[in-house]
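Geometric and topological summary
Residue-level listing of the chains:
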Amino acid sequence: MKKRQHLREQLVTALEVPRDLACKETIVTFTGKNHAVIENYRSILRYTEEEIVVLTHQGRITVFGKRLEIPWYTSDEMMLTGIISGMNLEQ
């Protein structure tokens, strides 16, 4: 498995392809305390007003807060709104 991942890393570097596209790495972008965008996720595991848990290719992302919502999502990205107080990444 590590050999395959190492080969992928070398290929990404040689072809100058962005890592997030080639390796399906998750990108989380926070804009202040009220907005977040999660890109390259797999599925939504839990969705409440206080906690949103998202499964990614690297693990789970948990966003904590109050009045959390997902106003829109596609198969590749989603936007979270509300009063975001923290985030946790479990690998």
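Everything that follows concerns the structure shown earlier in this document.
Read on for a plain summary of the structure. Predicted model, so just to flag it, every value in this text is computed and none were measured. (Residues numbered from 1 in each chain as written. Predicted model: local features only at pLDDT ≥ 70, side-chain atom pairs only at ≥ 80, totals over all residues. Heavy atoms only, no water.)

**Description of the nonpolar core**
- Listed in full, the 12 residues of the largest apolar core are Ala36, Ile38, Tyr41, Ile52, Val54, Ile61, Val63, Leu68, Ile70, Met78, Leu80 and Ile84.
- For Leu80, the residues in contact, after removing those within four places along its chain, are Asn34, His35, Ala36, Ile38, Ile52, Val63, Glu69, Ile70 and Pro71. (Core = buried A, V, L, I, M, F, W, Y, C linked by side-chain atoms within 4.5 Å. Buried < 20%, exposed > 50% of the residue type's maximum accessible area, 1.4 Å probe, protein only. Contact = heavy atoms within 4.5 Å.)

**Some thoughts on the sheet that holds strand S3 (residues 41–47)**
- The strand order across the open sheet formed by six strands is S1-S2-S6-S5-S4-S3, and the pairing between neighbours is antiparallel. With one partner strand each, in any of the chains shown, strand S1 (27–31) and S3 form the two edges of the open sheet. Pairwise comparison of adjacent strand axes, ignoring direction, gives a mean angle of 40° for this sheet.
- Here 10 bridges tie strand S5 (residues 60–73) to strand S6 (residues 77–90), and the two strands are oriented antiparallel to one another. Of the residues in S6, the one forming a bridge with Trp72 is Met79. (Pairing = 2+ DSSP bridges. Helix = DSSP H or I, 4+ residues; strand = E, 2+ residues; numbered from the N terminus. Axes fitted to C-alpha atoms, helices over the stretch in contact; angles between N-to-C directions.)

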